[in-house]
Amino acid sequence: MYGDGQKVTYTVVQTDAEIANGGEADFGTFASTPSLTAFVSDQTANGWQLTHGAILGTQQWNVITEKAPALSGKLSNPGILTSPALEGGCGTLSFVYGSTLASALLKEGLKFKVEVKNEAGETVVSKEYVRAKADYKAKTEYSEKIEVNCAGKFTVVFTNLCPQQLDSRDNLDLFAITSVSWTGYAN
């Protein structure tokens, strides 16, 4: 009761609301059998595309629950992981990565680029990650987050930047991405 004894009820209607859900990559659905020596191009059921890499499993690294893509560091054919067109926008992109290789084999550490592109294919965010050899430990997961804040459809692209700049073997500078997830974003 307010003032003169009348009850007042307010109804607020938000007409320009959009529910923005996030998601996560379905790496467990890659078709290839896990192996450190078989280099393939493969795709998940939802369309995450691995171009020139290996599919790792629990046998190669016990933190992997099913499968994880590993990107080749061969200079003439670097590993690339590309998401399908994802809906609901991207607020924060989170990912976990690492390598099974001994630090003696990663002479320059790890170096890769992450790009988030909008529906028109324009790069919204591009960031390079460097894990120096001195800061690297084999079979250790490293977590990263990127604030993206992109509404609508988007794609994510991970590219191995081949820090040793060599072309002799597919497994040079090989690193795995064990998970990718994102929060939704609406303007």
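Residues numbered from 1 in each chain as written. Predicted model: local features only at pLDDT ≥ 70, side-chain atom pairs only at ≥ 80, totals over all residues. Heavy atoms only, no water.

Engineer: Please explain the nonpolar core as it appears in this structure.
Structural biologist: Nonpolar side chains in soluble globular proteins generally cluster together in the buried interior. If you look at the biggest cluster of nonpolar residues, it comprises 41 residues, and the most contacted ones within it are Leu93, Phe158 and Val180. Those elements giving two or more residues to this core turn out to be β3 (49-57), β4 (67-71), β6 (90-98), β7 (110-118), β8 (123-131), β9 (142-150), β10 (154-160) and β11 (175-182). If one sorts the elements of this core by residue count, β11 sits on top with 5 residues. What Val180 contacts, discounting residues up to four positions off in sequence, is Gly23, Glu24, Ala25, Phe27, Trp48, Leu93, Ser94, Phe95 and Phe158. (Core = buried A, V, L, I, M, F, W, Y, C linked by side-chain atoms within 4.5 Å. Buried < 20%, exposed > 50% of the residue type's maximum accessible area, 1.4 Å probe, protein only. Helix = DSSP H or I, 4+ residues; strand = E, 2+ residues; numbered from the N terminus. Contact = heavy atoms within 4.5 Å.)

Engineer: What should I look at first to understand the side chain of Ser32 in this one?
Structural biologist: As for its placement among the helices and strands, Ser32 is situated in the loop between β1 (23-24) and β2 (40-43). Ser32 gets classed as buried once you look at its relative accessible area, which sits at 17%. With near-sequence residues (within four places) excluded, Ser32 lies in contact with Val40, Asp42, Ile55 and Lys67.

Engineer: Could you clarify how one ought to interpret unusual backbone geometry in this entry?
Structural biologist: Excluding glycine, most residues fall at negative phi; most peptide bonds, likewise, are trans. Positive phi values are uncommon outside glycine, yet Lys139 reaches one of about 55 degrees. Along the polypeptide, Lys139 turns up in the loop between β8 and β9. The partly exposed category is assigned to Lys139, whose relative accessible area is 46%.

Engineer: Whenever I open this one, the pairing of β7 confuses me. Can you help?
Structural biologist: Successive side chains on a regular strand alternate, one facing one side of the sheet and the next facing the other. As judged from the 8 bridges shared by β7 and β8, these two strands associate in the antiparallel manner. In the sheet register, Phe112 faces β8, and the bridge partner there is Tyr129. In this antiparallel pair of consecutive strands, β7 and β8, the connection spans 4 residues, and Gly121 shows a positive phi of 85 degrees. Pairing geometry for β7 and β10, over 7 bridges, is antiparallel. In the strand pairing of β10, Val116 is matched with Val156. (Pairing = 2+ DSSP bridges.)

Engineer: For this particular structure, what's the right way to read the side chain of Thr178?
Structural biologist: Along the chain, Thr178 turns up in strand β11. Polar side-chain contacts of Thr178 include one of 2.7 Å to the side chain of Glu141. Apart from the residues within four sequence positions on either side, Thr178 is in contact with Phe27, Trp61, Val63, Ile64, Ala68, Val96, Tyr97 and Glu141. (Polar contact = N/O pair within 3.5 Å; in protein donor to acceptor, adjacent residues only side chain to side chain.)

Engineer: When you look at the pattern of salt bridges in this model, what are you seeing that I'm missing?
Structural biologist: Close approach of charged atoms allows side chains of opposite charge to pair. Taken as a whole, this structure holds 2 salt bridges when the rule is applied. Close ionic contact of Lys153 with Glu87 constitutes a salt bridge, the shortest N to O distance being 3.9 Å. With Lys153 in the loop between β9 and β10 and Glu87 in the loop between β5 (80-82) and β6, this pair connects stretches of sequence that are 66 residues apart. Taking the shortest distance from any N to any O, the salt bridge between Glu128 and Lys111 comes out at 4.0 Å. Taken together, the residues Glu128 in strand β8 and Lys111 in strand β7 connect sequence positions 17 residues apart. For Lys111, a relative accessible area of 30% gives the class partly exposed. (Salt bridge = Lys/Arg side-chain N within 4 Å of Asp/Glu carboxyl O.)

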